2 protein chains.
Amino acid sequence: MDIRSKFERLGTDAAPGQEGRQQAGGIEPLLRGGNIVGTPVDFSHGDVDAFNPTPGSFEVFTAGVESGGKQAYTEYRGALGIREELATRLAAFTEAPVDPRDGMIITPGTQGALFLAVASTVARGDKVAIVEPDYFANRKLVEFCEGRIFPVQLEYASVEGRSGLNLDQLENAFKSGTKVFLFSNPNNPVGVVYSSDEIDRIAALASHYDATVIVDQLYSRLLYSRVDYAHLRARNANSEKVVTIMGPSKTESLSGYRLGVAFGAKDIIARMEKLQAIVSLRAGGYGQAVLRTWFNEPEGWMTRRIQDHEAIRDDLLGVFRAAPGIDVRMSEAGSYIFPSLPRLSVSGADFVRILRVQAGVIVTPGTEFSPHCENCVRLNFSQDHASAVAAAKRLTALVERYRA
Amino acid sequence: MDIRSKFERLGTDAAPGQEGRQQAGGIEPLLRGGNIVGTPVDFSHGDVDAFNPTPGSFEVFTAGVESGGKQAYTEYRGALGIREELATRLAAFTEAPVDPRDGMIITPGTQGALFLAVASTVARGDKVAIVEPDYFANRKLVEFCEGRIFPVQLEYASVEGRSGLNLDQLENAFKSGTKVFLFSNPNNPVGVVYSSDEIDRIAALASHYDATVIVDQLYSRLLYSRVDYAHLRARNANSEKVVTIMGPSKTESLSGYRLGVAFGAKDIIARMEKLQAIVSLRAGGYGQAVLRTWFNEPEGWMTRRIQDHEAIRDDLLGVFRAAPGIDVRMSEAGSYIFPSLPRLSVSGADFVRILRVQAGVIVTPGTEFSPHCENCVRLNFSQDHASAVAAAKRLTALVERYRA
């Protein structure tokens, strides 16, 4: 494959955050009625002005700058002292040991960790099991590495108390030679959490078929009432086959510092560091210091943050469930909600553009997460509460207006 | 190729900055005499405590944090306002237009820019011309992309007033189908600058053979007395085939913020942004603000910085030229010096380990830059002046001690 063909498959035009580069041209003939005014809301990512970064994070960054060269030039896998602090806290959180010296790497965001993990485990032609729907970059990472995607459906709409992962499909993937399984838990975009039983089944299958599992647990701290969370790394018989990825960009609103971590399988972490050495050298040195605030927030701060998000979730659920033809599963964790819309007279892609032009509402089209989700949109509701609810109402009003 | 074999070729054990992970075990039987005491110096990278970051950089970062979400979540290619400021200054510096909207991307360090540029131009099996010696990651990037390296020798030791690039070899590379040429100017590790005539010849060859040129100009601001610098992008007939890479990590000591830029060919920049979206999303949002200080330093600051480095260079040249059997070309730019050592009774790799153990001096082995440079070592002399000179003298003393 030549380089142009390879990149033609790597489209990012509809990716979250790129709306500023999109042209809205050509949709005028499709428009019905006038604009609906209201505070614009960009649901493509969380609003760090509504939910501020962890208290003290800037002060810790400042101390990092003041400590000078030691903090500017760390090992490629990050400063050992910081890895040691984090290892203890991450082991307690995930209920399994973390080796700070050889079993952990600090990366530029969780995106950096995902890239390194996939590129360190997937060679050309390797089969990779990918959940549909799941985080938009997962498929693209496999495509960039010239792996082959084996899709596994998440039948989230038809079940309760579990994610709905089709475990038969996952086993078929392993049976037909898939050696890597990559998934997010809580799921992005749906916001469902895999049940304890599902995690045990995934662990058993992965062990039986000797597969590597890369699990993106970015939102695993933001759990709503009465939701239990099982850490795969504590359930998998072969810990050298599991890489767990987390970071403080979302719940903790530290995205501006670009920080993530991957921990677990030492062999894979070693390859990830080799690759980081030629991809970006290291996560920004001064920024690494900010990780000292992580899992170390002021008393009660995280509880309050979760409550605030849960209140927004409840209100958005109310708005969507009151709208005829909109189906939505309750988010159990994280700040995503993924309603499916009724049949419209315009395409899903055009509706997303119309929403932006007529209602000042930016959402991410469902096709970024699965080829089967053309009628869904993803909203990151880590936003100003009142603005988010008002924007969701504008969305449902436009659904009515464009209903087929 | 399976993933393990692929990564076995990507060694980083001897890479600059990784000395903390190396074991010095096994060299005791080789040691002669005792340790030579002195302030330890790590020549593997510049010392940002000796040469501080640009004045005002931290204040501009702080303003970035205070501006909140707008700065935390930029386009993947970086904040447009910052690109616009930079485009004007980079166009003036490189003597050719820069398009801020479509012809520039902000990356996590120049390492990030190099990775994206190579991975966006080199597909599996493509031939890439690589200078020997040149920056250690260049070869590894091509290997990671499964390209094929066509080496071109830099015969720097035998010429004056030019870099010594073997232009016949470069033309042979193009003749035999090489479509990408990647090189650093000033050259890392030698510190030589390509002459105006050499740049014109490279531009003419690249145009004639329709090849893409990626030029790493990281050190192009740190030019010593009586050195002229030619910007390839101002000389190449086809600007859509040239990508120029720069960043403020070295001369400006802003490495802790991880910032680089690539500018030029719009098609390639567009592919680089697609790839950045899955590799790290964007350069750290808050950190991008620091670029506002770049090419915008206080009056006289850069002149002073260059003079300070030139004074260290002169003293190190004096130390090395006084030592029998050490050959060294004068660095014309940047903060690297690349002496070749006489025949020793230990291998180059062991001598580097001995230097660290017996003299507290960390250097980078020449083999990181070329398979033909086993007898060379690279020093980054952006260090405390007196400590650097004393450390260079300890190095020459150990050369005497281990002479074959």
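You'll find the structure just up there.
These numbers come from a predicted model, not from an experiment. Along each chain, numbering runs from 1 in the same order as the chain's sequence is written. Labels are handed out in written order, letters beginning with A for the chains and numbers beginning with 1 for the ligands. Local features are withheld for residues below a pLDDT of 70 in this predicted model, meaning they are given only at 70 or higher, and side-chain atom pairs are given and counted only at 80 or more; totals for whole chains, interfaces and linings count all residues. The basis for the side-chain values is all heavy atoms of the structure; hydrogens and waters are excluded.

Asks: Before we move on, can you summarise the overall build of chain A with the specific residues and values?
Replies: Helix and strand content of chain A: 14 helices and 12 strands. Put simply, the radius of gyration uses C-alpha atoms, and a globule should come to 2.2 Å times the residue count raised to 0.38. Compactness check: chain A gives a C-alpha radius of gyration of 21 Å against a globular reference of 22 Å for 404 residues, within 12% of the reference. Projected onto its principal axes, the C-alpha positions of chain A cover 60 × 50 × 45 Å. Taken over 404 residues, chain A has a buried fraction of 64%. Look at the contacts in chain A between residues 6 or more apart in sequence, and 77% of them connect residues 24 or more apart. Within the structure as shown, chain A displays about 13800 Å² of accessible surface, and the carbon and sulfur contribution to it stands at 49%. Asp and Glu are treated as the negative residues and Lys and Arg as the positive ones, with His and the ends of the chain left uncounted. For this purpose, a charge sits on NZ of Lys, CZ of Arg, CG of Asp or CD of Glu. Averaged over its 44 positive side-chain charges, chain A has a centre that lies 3 Å from the centre of its 48 negative ones. Secondary structure elements are taken from DSSP: a helix is a run of H or I of four residues or more, a strand is a run of E of two residues or more, and numbering for both begins at the N terminus. Here's how the labels work: a residue is buried when its accessible area is under 20% of the maximum for its type, exposed when over 50%, partly exposed in between, all with a 1.4 Å probe on protein chains only. Note on contacts: a residue pair is in contact if any heavy atoms of the two residues lie within 4.5 Å. All accessibility values rest on the Shrake-Rupley procedure with a 1.4 Å probe; residue burial counts only the protein chains present in the view.

Asks: Give me the relation of the copies chain A and chain B: which residues, what numbers.
Replies: The atoms used to superpose the copies are C-alpha atoms, taken from residues with pLDDT of at least 70 in both, and the fit is least squares. In the superposition of chain A on chain B (RMSD 0.0 Å, axial shift 0.0 Å), the rotation amounts to 180°. Accordingly, the operation relating the two chain copies is best matched by a two-fold axis. Comparing interface residues between copies, 100% of those in chain A also lie at the interface in chain B; the contact surface is shared.

Asks: Can you tell me about the packing of aromatic side chains, naming the residues and giving the values?
Replies: One pair of aromatic rings is described through two measures. These are the centre distance and the angle between the planes. Pairing of aromatic side chains here covers Phe, Tyr and the six-membered ring of Trp, requires ring centres within 6.5 Å, and sorts the geometry by plane angle: under 30 degrees stacked, over 60 edge-to-face, intermediate tilted. With the rule as written, the count across this model stands at 33 aromatic pairs over all chains. Taken together, a centroid distance of 6.3 Å and an interplanar angle of 40° make the contact between A:Phe61 and B:Tyr257 tilted. With A:Phe61 in helix H2 (residues 57-66) and B:Tyr257 in the loop between strand S7 (242-246) and strand S8 (260-264), this pair bridges two chains. Just as A:Phe61 is buried, B:Tyr257 falls in that class too. Ring pairs connect the aromatic residues A:Phe61, A:Tyr257, A:Tyr286, B:Phe61, B:Tyr257 and B:Tyr286, which therefore count as one cluster. Charge-over-ring contacts are defined here by two conditions on Lys NZ or Arg CZ: a distance within 6 Å of the ring centre and an angle within 35 degrees of the ring normal. One residue, A:Arg221, lies across the ring of A:Phe295, its end atom 3.9 Å from the ring centre.

Asks: Any chance you could break down the pattern of salt bridges for me, citing the residues and the numbers?
Replies: By definition here, a salt bridge exists when the distance from a side-chain nitrogen of Lys or Arg to a carboxyl oxygen of Asp or Glu is within 4 Å. The full count for this structure, using the stated rule, is 39 salt bridges over all chains. Between A:Asp350 and A:Arg353 there is a salt bridge, with its nearest N and O atoms 2.9 Å apart. Note that A:Asp350 and A:Arg353 are positioned in helix H13 (residues 348-359) at a spacing of three residues, about one turn of the helix. The partner of B:Arg329 in a salt bridge is B:Glu332, with the nearest N and O atoms 3.0 Å apart. For the pair formed by B:Arg329 and B:Glu332, the shared burial category is buried.

Asks: Before we move on, could you go through the sheet that holds strand S12 (residues 377-380) of chain B and cite the residues and values that matter?
Replies: Residue and element names in this part refer to chain B. When DSSP finds two or more bridges between two strands, those strands count as paired. As summarised here, the arrangement of the three strands in space is S9-S12-S11, forming an open sheet in which the pairing is antiparallel. Among the strands making up the open sheet, the edge pair consists of strand S9 (336-337) and strand S11 (364-365). Pairing analysis gives two bridges linking S9 to S12, with the strands arranged antiparallel. Bridge pairing links isoleucine 337 to leucine 379 in S12.

Asks: Can you break down empty space enclosed by the protein residue by residue, with the values?
Replies: Using protein atoms alone on a 1 Å grid, points that fit a 1.4 Å probe yet trap it form a cavity, whereas open point sets bounded by protein on both sides within 12 Å along at least five of seven lines form a pocket; residues with an atom within 4 Å of a point count as lining. Grid points are joined across faces, edges and corners, and a volume is the space filled by probe spheres set on the points. For the structure shown, the criterion picks out nine cavities of 30 Å³ or more. In this structure, the largest cavity spans a volume of roughly 350 Å³. Along the wall of the largest cavity there are 25 residues; nearest its centre are A:Tyr135, A:Phe136, A:Lys250, A:Tyr336 and B:Leu281. At three residues, helix H5 (residues 109-119) of chain A tops the list of elements feeding residues into the lining of the largest cavity. For the lining of the largest cavity, the residue count by class is 11 nonpolar, nine polar and five charged. Gly is put with the polar residues, along with every residue not named as nonpolar or charged; the nonpolar set is Ala, Val, Leu, Ile, Met, Phe, Trp, Tyr, Cys and Pro, and the charged set is Asp, Glu, Lys and Arg.

Asks: Any details on the interface of chain A and chain B? Residues and values, ideally.
Replies: Each partner contributes to the interface: chain A provides 73 residues, whereas chain B provides 73 residues. Put simply, buried area is how much 1.4 Å-probe accessible surface two parts lose in total, over both of them, once they are put together. Of the roughly 6100 Å² buried between chain A and chain B on both sides combined, carbon and sulfur atoms contribute 59%. Here B:Glu146 makes a salt bridge to A:Arg124, at a shortest N to O gap of 2.4 Å. Any pair of nitrogen or oxygen atoms within 3.5 Å is treated as a polar contact; in protein, a donor-acceptor pairing is required on top of that, and neighbouring residues in sequence qualify only through side-chain atoms on both sides. Run the count over chain A and chain B and you get 20 residue pairs in polar contact (both at pLDDT 80 or more). Contributions of two or more residues to the side of chain A that touches chain B are made by helix H1 (3-8), H2, helix H3 (69-72), H5, helix H6 (136-144), helix H10 (266-279) and helix H11 (285-288) of chain A. The element best represented in the side of chain A that touches chain B is H10(A), accounting for eight residues. Looking at the side of chain A that touches chain B, its residues break down into 32 nonpolar, 21 polar and 20 charged.

Asks: Pulling in residues and values, what's your account of helix H5 (residues 109-119) of chain B?
Replies: Counting buried positions along H5(B) gives 11 out of 11 residues, so the element sits mostly inside the fold. If you check which residues of H5(B) are buried, you get B:Gly109, B:Thr110, B:Gln111, B:Gly112, B:Ala113, B:Leu114, B:Phe115, B:Leu116, B:Ala117, B:Val118 and B:Ala119.

Asks: Explain the pairing of S8(B) residue by residue, including any values.
Replies: Residue and element names in this part refer to chain B. Of all five residues making up S8, five are buried, and the element is well covered by its neighbours. Side chains Gly260, Ala262 and Gly264 project from S8 onto one buried face, and the interleaved Val261 and Phe263 project onto a second face that is buried too. Relative to S8, strand S2 (residues 104-107) runs antiparallel, the two sharing four bridges. Across the sheet, the residue bridging to isoleucine 105 is alanine 262, located in S8.

Asks: For unusual backbone geometry, give the residues involved together with the corresponding values.
Replies: Most peptide bonds are trans, and most residues other than glycine sit at a negative phi. A cis amide bond, omega 0°, links A:Glu132 with the succeeding residue A:Pro133. Tracing the chain through its elements places A:Pro133 in the loop between strand S3 (127-132) and H6. Within the chain, A:Arg258 stands out as a residue other than glycine whose phi angle is a positive 55°. One non-glycine residue, B:Glu146, lies in the positive phi region at around 60°. With respect to the helices and strands, B:Glu146 occurs in the loop between helix H6 (136-144) and strand S4 (148-153).

Asks: Can you tell me about the pairing of S3(A), naming the residues and giving the values?
Replies: All names here are of chain A. Of all six residues making up S3, five are buried, and the element is well covered by its neighbours. Note on the crossover from S3 through H6 to strand S4 (residues 148-153): the handedness is right-handed. As paired strands, S3 and strand S5 (residues 180-184) are joined by three bridges and run parallel to one another. By the bridge assignment, isoleucine 130 is partnered in S5 with leucine 182. A clockwise course of the path from the first strand over the helix to the second, judged with the strands pointing away from the viewer, identifies a crossover as right-handed.

Asks: Describe the packing of H5(A) against helix H10 (residues 266-279) of chain B, listing the residues and the values that go with them.
Replies: Orientation of H5(A) relative to H10(B), taken along the N-to-C sense of each, is 95°, at an axis distance of 7 Å. Classified by the interaxial angle, the pair formed by H5(A) and H10(B) is roughly perpendicular. Here H5(A) contributes A:Gln111, A:Gly112 and A:Phe115 to the contact with H10(B), which in turn contributes B:Ala277, B:Ile278 and B:Val279. Looking at side-chain class alone, the contact of H5(A) with H10(B) contains four nonpolar, two polar and no charged residues. Where helices are involved, their axes are fitted lines through C-alpha atoms of the stretch in contact, as for all axes, and angles between N-to-C directions lie from 0 to 180°. Angle categories: roughly parallel below 35 degrees, roughly antiparallel above 145, roughly perpendicular from 65 to 115, and oblique for all the rest.

Asks: Go over the sheet that holds S4(A), please, and point to the residues and values.
Replies: All names here are of chain A. Strand order across the open sheet formed by seven strands is S2-S8-S7-S6-S5-S3-S4, with mixed pairing between neighbours. The open sheet has two edge strands, strand S2 (104-107) and S4, and neither has a second partner. Sheet twist, expressed as the mean angle between neighbouring strand axes with direction ignored, is 20°. Across the sheet, helix H7 (residues 167-175) lies against S3, S4 and S5, angled at about 160° from S4, the strand it touches most. The strands touched by H10 within the sheet are S2, strand S6 (212-216), strand S7 (242-246) and strand S8 (260-264), with S2 carrying the most contacts at an inclination of about 30°.

Asks: Explain H10(B) to me, and be specific about the residues and the numbers.
Replies: Residues and elements named next belong to chain B. An expected span of 1.5 Å times one less than the residue number is assigned to each helix. With 14 residues, H10 ought to run about 20 Å at 1.5 Å a step, and its terminal C-alpha atoms sit 19 Å apart, in line with that. With respect to burial, H10 is a largely interior element, 11 of its 14 residues being buried. Ile268, Ile269, Arg271, Met272, Glu273, Lys274, Leu275, Gln276, Ala277, Ile278 and Val279 are the residues of H10 that are buried. Backbone geometry just downstream of H10 places leucine 281 in the positive-phi region, at approximately 65°.

Asks: Before we move on, can you summarise the environment of A:Leu116 with the specific residues and values?
Replies: Residues and elements named next belong to chain A. As for its position among the elements, leucine 116 is in helix H5. For the pair formed by leucine 116 and arginine 271, sequence separation is 155 residues and the distance between their alpha carbons is 8.3 Å. With residues near it in sequence (within four places) discarded, leucine 116 still touches Ile105, Thr107, Met272, Leu275 and Gln276.

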